[in-house]
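Read off the chains here:
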Protein chains: 4
Amino acid sequence: MHEECGVVGVSFKKESPAALSIYYALYALQHRGQESAGITVHDGVQVRTLKGMGLVPDVFNRGDIQKLKGHVGIGHVRYSTTGGSRIENCQPLLVSFKSGTIAIAHNGNLVNSRDLRTELEKEGRIFLSDSDTEVIAHLLVKELMHNSLEDSVKELIRRLIGSYSLVFLVDNRLVAVRDPLGIKPLCIGRIDNGFVVASESAAIDILSGQLIRDVVPGEMIIFSNGSYESHQLVKSRNAAHCVFEYIYFARPDSIIDGELVYNTRMRIGSTLFEEHPVKANIVSPVPDSGITYAIGFSKKSGIDYMEGLMKNRYIGRTFIMPGQDMRETAVRLKLNTIKPNIEGKSIVLVEDSIVRGTTSRRIIDLMRKSGTKEVHMRVGSPPIISPCYLGIDMATREELIAAHKSVKGVEALINADSLGYISIDGLVKSIGIPEDDLCLGCLTGIYPVEIPGERCGKRQLKLSEF
Amino acid sequence: MHEECGVVGVSFKKESPAALSIYYALYALQHRGQESAGITVHDGVQVRTLKGMGLVPDVFNRGDIQKLKGHVGIGHVRYSTTGGSRIENCQPLLVSFKSGTIAIAHNGNLVNSRDLRTELEKEGRIFLSDSDTEVIAHLLVKELMHNSLEDSVKELIRRLIGSYSLVFLVDNRLVAVRDPLGIKPLCIGRIDNGFVVASESAAIDILSGQLIRDVVPGEMIIFSNGSYESHQLVKSRNAAHCVFEYIYFARPDSIIDGELVYNTRMRIGSTLFEEHPVKANIVSPVPDSGITYAIGFSKKSGIDYMEGLMKNRYIGRTFIMPGQDMRETAVRLKLNTIKPNIEGKSIVLVEDSIVRGTTSRRIIDLMRKSGTKEVHMRVGSPPIISPCYLGIDMATREELIAAHKSVKGVEALINADSLGYISIDGLVKSIGIPEDDLCLGCLTGIYPVEIPGERCGKRQLKLSEF
Amino acid sequence: MHEECGVVGVSFKKESPAALSIYYALYALQHRGQESAGITVHDGVQVRTLKGMGLVPDVFNRGDIQKLKGHVGIGHVRYSTTGGSRIENCQPLLVSFKSGTIAIAHNGNLVNSRDLRTELEKEGRIFLSDSDTEVIAHLLVKELMHNSLEDSVKELIRRLIGSYSLVFLVDNRLVAVRDPLGIKPLCIGRIDNGFVVASESAAIDILSGQLIRDVVPGEMIIFSNGSYESHQLVKSRNAAHCVFEYIYFARPDSIIDGELVYNTRMRIGSTLFEEHPVKANIVSPVPDSGITYAIGFSKKSGIDYMEGLMKNRYIGRTFIMPGQDMRETAVRLKLNTIKPNIEGKSIVLVEDSIVRGTTSRRIIDLMRKSGTKEVHMRVGSPPIISPCYLGIDMATREELIAAHKSVKGVEALINADSLGYISIDGLVKSIGIPEDDLCLGCLTGIYPVEIPGERCGKRQLKLSEF
Amino acid sequence: MHEECGVVGVSFKKESPAALSIYYALYALQHRGQESAGITVHDGVQVRTLKGMGLVPDVFNRGDIQKLKGHVGIGHVRYSTTGGSRIENCQPLLVSFKSGTIAIAHNGNLVNSRDLRTELEKEGRIFLSDSDTEVIAHLLVKELMHNSLEDSVKELIRRLIGSYSLVFLVDNRLVAVRDPLGIKPLCIGRIDNGFVVASESAAIDILSGQLIRDVVPGEMIIFSNGSYESHQLVKSRNAAHCVFEYIYFARPDSIIDGELVYNTRMRIGSTLFEEHPVKANIVSPVPDSGITYAIGFSKKSGIDYMEGLMKNRYIGRTFIMPGQDMRETAVRLKLNTIKPNIEGKSIVLVEDSIVRGTTSRRIIDLMRKSGTKEVHMRVGSPPIISPCYLGIDMATREELIAAHKSVKGVEALINADSLGYISIDGLVKSIGIPEDDLCLGCLTGIYPVEIPGERCGKRQLKLSEF
């Protein structure tokens, strides 16, 4: 199951209802998954779940939220790419077992999910969904049969290979766990009468809360009325924070592992100019993802920042796409050129990343048709040469243009006058986290965990370390 | 989980698509469950499922049915009364396990579901739904780990107490199983290029098929390309066919355990006159369920059959119900009196059964307001004195009016001039099946299986019999 | 515009809300039109309208009804056959003019609608819909510019040729008008605190009201707080009540022009036996429309009434229809045979009417396949040989089987062992209204109003009569 | 009727289908109206219309667009503020009259609509909607009864007071008309095989067309196969182009009356700094409307452009708004602060306009809570002191904060450290159109047309001029 997700948990001291706060937090995380949404709450006696396909405001109405009674709860938004958009795969996953109920919300991707599933099936266990989360539920319950919560989660971590930021309810206890490499983000915050744990700090902001800190890789946090306790279950020599959260996935107003995403992108833009200086009339972003990079580039270079492309805000799922004879319309449905801003000019066009190259080509063609003299493409990520197995829906190796072509080759393909990617060094410095604590798998082909057929970095996690 | 359901399975010889036939068969069984519907098909390689809340035509569109590729499949319609109308409880339940997939559709109610669940949870197993079906899935997979299908189902039957007509797919094999007492109906039919198994023969009719026979209590039938094999797994001394299928639940055009429901109801109507003769101007049914009884009563008594009440066909879920000041309108939304037909007349009013008595009271009040001189109520079932634990959603013992009042008491409560229930003997003779092969639990309080706090008939199934 | 409709008006004495009562009355008239529904109310100051496509419960929710404040109002349900299912054609039609507002709900069909429209267009008037109702609105407003309401409606009647039962609001006055021939039904009733006017008395019943009387052909009734005044605007020598309301369209529990529809149909059934006696084992209706006829036939003939066909209740719009290879399934989706009831038997099959003959053929084929020995078709209407121009959606002359074939020819085509239609005389006597006061256009080809290309009965209305 | 709208017309040379092009053009104009959408097309023989409530992609599906056959057509998007969101008011308005059909799409607001309506009602005319468009339809048809199209439209213009950009079909002729003052925008473009006329040039861009020119105030353009003819029906000494199209309403990538909106906003930003210089750490927009202004301000001032507020993209209609206890969340649902970017800093906050002041106050409060040291508000429009009667939904005079408070008063109310509005002179120079050719009604209280109770500029249109 390849999926991108956002998770949240809320624990209130008093009998304040958690569901509405979870709803707003999920809304702040909507960019992490638009396919399904779910909330599970516990009122001390009973657990209640509601989930459905669609955006957060479409899945829940006021009456639903009022019926979801409970002072503690978790929520999930999800996007899936492998056709697994079945309602069965929506989260939180609610399971009942010998001692009660567990509801799990999971962000990440297990690399050994298939093996674990096979192993569990050999024991006679059955699966009702395709999700990694059901695998996690089985493993967790197996341990909880004879172990404490702490020991159970410790054992769970020992078994899981991959990325996982977990938020779960064991009856009415809220628990947060982050994988030993801290691949996907997870942070905790203080809100009125309680605490919140979420994939990104923007979800804390929306509840007018204060970011306390990130969950430490390998840490388990248990929230209870008015306090929380930390359990550092395992400790890895290094972290492997996903660089793509900074490059593309996270909101610019989120602070992840100590770094404001906005600032990282500004610095990348700045570095991009240093590494690939160019003379031009204006710097223009591919909206929205290129905006912050372009502002950084403009500031460093002194070249005026000006929008040359306008994004259409209303595009939705049910749109009737044009046929072959209106191919240009298909591009313009998303982006229109502001012709007078780019006509006859040399433009630095700034994008966050190039995956297949087709979109960049179409945009540059459109700009040239509007009379742009020169297009100098600058890209906020290094060439992506290898797929992601750890939670970003990117592309297959076959589709990744930089896996098959040199920079010059990509430059020709996208029809740019010049093309400059940020270097890996430049990226790492811009993020401000040591290279050894980042996952650069998609940029280097060297992954922080063992993945069949791929190289694993020596410095990274071995199961035997536990 | 208290639920009423309908199940169907289709196995085609050639590569004919099964989904559309299952769709029509489910449509013919729609009266058995209007809350959710689901279809699972297998094409020899892959299993595909689609299910959702609502009526059959609302859940599936043409595109869905076309995508459900496969020559073998099962379907399910469901109605639940215990608030368990979660999408997770919709069937077929699809599980994957060590050796492949199993999809299960279940009609009936397990009495020992809670015990089995607890036992399975003690082994560390987890549950993702509230349904009996997930319990069945666990037990079946446990056996299939080390046993043949036949032995596994045999062991499954040994463990389950209650009613169950099961239709399931083990990979692409269609299997049908009926509980050793044959409580809920299940029959098989021949159709073009294949076979069908269904809760009622009306589902065979809609596919222009021929009813072959009922599945025998305790029998397992495995369908394969162009044939089927029977395995009589267990044999009980007696059957315990549900009398309420004849009285109310099944379609009149279905043949169940050899008896046409329509004929049974005609004979009940006839017997009702013999047991409770009355002089009157006309015989009138409470539509629709009383119609066939009334025709039988009329024929035997020679009293003219004439409709005195007209049913409104369009009433739906989303209807705005009137407030206290329009109480009479609430009744008339469902039933209107044909005033000239009943004004000044003595009426024999025929109903299939009386549960709480409130509806009967309202109807009789309405008739009296329209000028009816006398209302003689005749009822196609004996007094219902005990709840059903085996698959009919009836009422609690507290709600059952006949559990607390004598016939005279009920007569007074519903404001009838006279009240006559058919006797248990009369009912049994009208059905034409020996009393020892019927479940009369709701009429006698003596059940064919052991139910905590209730009496179990000596003649009936003991687990030790296997 | 060919359309079938139902209309209702409610006038309350006090400030009771009218919308909910109109909602229920429309619901009781739902059989007269399932395509759109609308309600307009007036609270003395302001007029409010809500209308939409779909069934009554789908168009209005509780909040809508609460917002429709007003103690007087009208409602409309509509079915259209000429592709005119545009929201613009939904009724009530609300127009504002010099002196206020008029809301109109119309049941019927104008024969001279096209001419009137052309005439109005010549005056420079514009039309925003295709409906007859907008024509009526123009004509009425033209008169109201310089005439009293009474004179205006009188003049309106002089101009309209065709059938029309009108219910309208002139500001907050409720007015009902029936065409001078009384072609379509319209009746008035007393309810708590007010009055109701409706297409059928069943709509009065649902409000627990008492039928007062039919609106007289050519009469205008104006309702005001606590009373109503009658104005006999024009008087025709004869009426021309539509026989098809009795045969098919109206509810059996409605009383139309003094005759209970149910009784009429019983008498037709009885007469059918007298006119076309036959020996048979059972009498069976084509449900639902043939039921009352069959009961009447059974009573007169002494042949047992027994259902041989079972109607499926759940069929809806969105149903996936089977392809050519499942043609029989297409029939069985609507009707299933109760095989044991008809196998080896001679059956009198009773239907209300035969239009194209295709449905009858399919049903008889199905019965023969189920083993019926003989099928004797008896039909509650005489042969339909001419189209309806006055408000019943029937078929074109080309499609009407009896317009082209003799009774023997139809008998052969539908594959019946014998076929008997009721005679026109028999029908007229069964209805109990003098032939001169009925519209028999579809049965005789002689219409009560002048229709280009068709014959007009001498006895009928001439415009010069006014 | 107070409404904002967008209009489009497409005329193809050959038999190319117009509906899909209209659909895309409407999509490009979606920002001008999100409440309803409609398309009318003509195929030379027949006219077809489809309209409905909602966004363009929600109103039309692929099948609808395919059924809308015709090579010429018009479209409309609409937003209404006066509760008139009835389906009857959706456009295009399709009317039939003596000589054929007219379909009208209208952007603007008539000031004398009520008078015209009364006048037409006095003639006995009726109205089925509340819209100005129906008034226009009546007037146009009245003239077309005895005049040529040119003379009719000329007379129509003589009667209408207010703003109107009209696109209409007279049978299959596409006609565009702009009011003599050119208040609302309207431009024409060349596309493959035909022409397009639209409210904004962005709708031409999306069809890969070339902007030809604006429709001249008082001009009528008739499009026919492969060409168009211009008729300058009336000529006013001056134009009165709406300044709010430049300030807020139009897309930045549109060119209106010769000026690119983006450039105008950049120049306003630049002028704002000149008029109200300030020292600060960064310039930050209120997104999205303040972005271009802020870029212009930054460029002129040399102060770094940096985003301090992040807009949430997913907010929709059905959102559950928080209660009083979560007031801050209500603001943050739309805008989150990027705390590290604004903490401890002096910020120039740039907004397009201040209407009520409440939003500005909430944003500044949020920024101060995030630690902003100083907030210097700079506003792209002068103080709005008077309501708009000509097509912009602004506010009543009571609600307009600048109608009641001085700049210092507003500064205090919104809690800014300083507040600077652009001057009217600065605005006019930034737009680049002579002041005499602009409508500044909302800024000066002097309107280009006579509005009861308001002042009318001497230089402006008098009806006697025609």
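What is expected of a backbone is that most residues other than glycine have negative phi and most peptide bonds are trans. Note the cis peptide between Gln 91 of chain A and Pro 92 of chain A, where omega equals 0°. With respect to the secondary-structure elements, Pro 92 of chain A resides in the loop between strand S4 (72-80) and strand S5 (93-97). Along the chain, Pro 287 of chain B connects to Asp 288 of chain B via a cis peptide bond; the corresponding omega equals -10°. Despite not being glycine, Asp 171 of chain B has its phi angle at roughly 50°, a positive value. Positionally, Asp 171 of chain B belongs in the loop between strand S7 (162-170) and strand S8 (173-178).

With that out of the way, let us pick up the arrangement of the chains. One finds no contact linking chain A with chain C; the least C-alpha distance across the pair is 15 Å. As for chain D relative to chain B, no contact occurs, and the smallest C-alpha gap between them is 15 Å.

Before going further, it helps to examine the environment of Thr 292 of chain A. All names here are of chain A. In this fold, Thr 292 is placed in helix H10 (residues 291-301). Overall, Thr 292 belongs to the buried group, with 26 C-beta atoms counted inside 10 Å. Distance from Thr 292 to Thr 264, taken between C-alpha atoms, is 9.1 Å for residues 28 residues apart in sequence. If we skip the residues at most four places from it in the chain, Thr 292 touches Pro 252, Tyr 262, Arg 265, Met 266 and Gly 269.

Before going further, it helps to examine the relation of the copies chain B and chain C. Overlay of chain B on chain C (RMSD 0.0 Å): rotation 180°, translation along the axis 0.0 Å. When the rotation and shift are considered jointly, the pair of chain copies conforms to a two-fold rotation axis. A shared binding surface is used by both copies, with 98% of the interface residues of chain B retained as interface residues in chain C.

Listed as interface residues are 41 residues of chain B and, on the opposing side, 41 residues of chain C. Among the elements that make up the side of chain B that touches chain C, the one with the highest residue count is helix H1 (residues 19-28) of chain B (four residues).

Residues and elements named next belong to chain A. Taken in spatial order, the six strands line up as S5-S6-S7-S8-S12-S13 in an open sheet, and their pairing is antiparallel. At either margin of the open sheet sits one strand with a lone partner, and together these are S5 and strand S13 (227-232). Shown here is a sheet whose adjacent strand axes are inclined to one another by a mean of 20°, direction ignored. One ladder, built from six bridges, connects strand S12 (residues 219-224) with S13; its direction is antiparallel. Each bridged residue has a counterpart across the sheet, and for Ile 222 the counterpart in S13 is Glu 229. Helix-sheet contacts for helix H5 (residues 132-144) involve S5 and strand S6 (100-110), and the interaxial angle to S6 is about 130°.

This brings us to the packing of helix H4 (residues 113-122) of chain D against helix H5 (residues 132-144) of chain D. Helices that pack against each other are described as a pair by the angle of their axes relative to one another and the distance between those axes. All names here are of chain D. At a minimum axis separation of 10 Å, H4 and H5 run at an interaxial angle of 50°. Put simply, H4 runs oblique to H5. Where H4 crosses over H5, the handedness of that crossing is left-handed. Counting all contacts with H4, which are made through Ser 113, Leu 116, Arg 117 and Leu 120, the residues of H5 involved are Asp 132, Val 135, His 138 and Leu 139. By residue class, the composition of the contact of H4 with H5 is four nonpolar, two polar and two charged.

In many analyses, interface size is given as the accessible surface area lost on bringing the parts together. All names here are of chain A. What the domain assignment reports for chain A is domain 1 (3-240) and domain 2 (260-430). Its C-alpha centre places domain 1 at a distance of 35 Å from the equivalent point of domain 2. At the interface, ten residues of domain 1 touch five residues of domain 2. The set of elements that each furnish at least two residues to the side of domain 1 that touches domain 2 consists of S6 and strand S7 (162-170). A per-element tally of the side of domain 1 that touches domain 2 places S6 first, with three residues. Along the lines of polarity and charge, the residues of the side of domain 1 that touches domain 2 split into two nonpolar, six polar and two charged.

A separate point is the interface of chain A and chain D. Across the contact, 41 residues belong to chain A and 41 residues belong to chain D. The element that contributes the greatest number of residues to the side of chain A that touches chain D is helix H1 (residues 19-28) of chain A, accounting for four residues. Its residues assigned to classes, the side of chain A that touches chain D shows 24 nonpolar, eight polar and nine charged.

Rules and cut-offs
Positions within a chain are numbered from 1, following the residues in the order the chain's sequence is written. Starting at A for chains and at 1 for ligands, labels are handed out in the order in which the entities are written. Per-residue local features are limited, in this predicted model, to residues with pLDDT of at least 70; the limit for side-chain atom pairs, both in listing and counting, is 80 or more; totals at the level of whole chains, interfaces and linings are taken over all residues. Put simply, DSSP H or I for four residues or longer makes a helix, DSSP E for two residues or longer makes a strand, and each gets a number counted from the N terminus. Whether two residues are in contact is decided by their C-beta atoms, placed from the backbone, lying within 7 Å. The burial label depends on the number of other C-beta atoms within 10 Å of a residue's C-beta. Counts of 20 or more mean buried, 12 or fewer mean exposed, and intermediate counts mean partly exposed, with C-beta atoms placed from the backbone. For this overlay, a least-squares fit was computed on C-alpha atoms, restricted to residues scoring pLDDT of at least 70 in both copies. Pairing between strands requires that DSSP locate at least two bridges from one strand to the other. All axes are obtained by fitting lines to C-alpha atoms, using only the stretch in contact for helices, and the reported angles, taken between N-to-C directions, cover 0 to 180 degrees. Orientation labels follow simple angle bins: below 35 degrees gives roughly parallel, above 145 gives roughly antiparallel, 65 to 115 gives roughly perpendicular, and whatever is left gives oblique. Helix crossings get a hand from a simple test, with the near helix turned counterclockwise from the far one by less than a right angle marking a left-handed crossing and a clockwise turn marking a right-handed one. Note that Gly is not counted as nonpolar here; it falls among the polar residues with everything else outside the nonpolar set of Ala, Val, Leu, Ile, Met, Phe, Trp, Tyr, Cys and Pro and the charged set of Asp, Glu, Lys and Arg. Residue ranges for the domains trace back to a domain assignment, done automatically or taken from a database.

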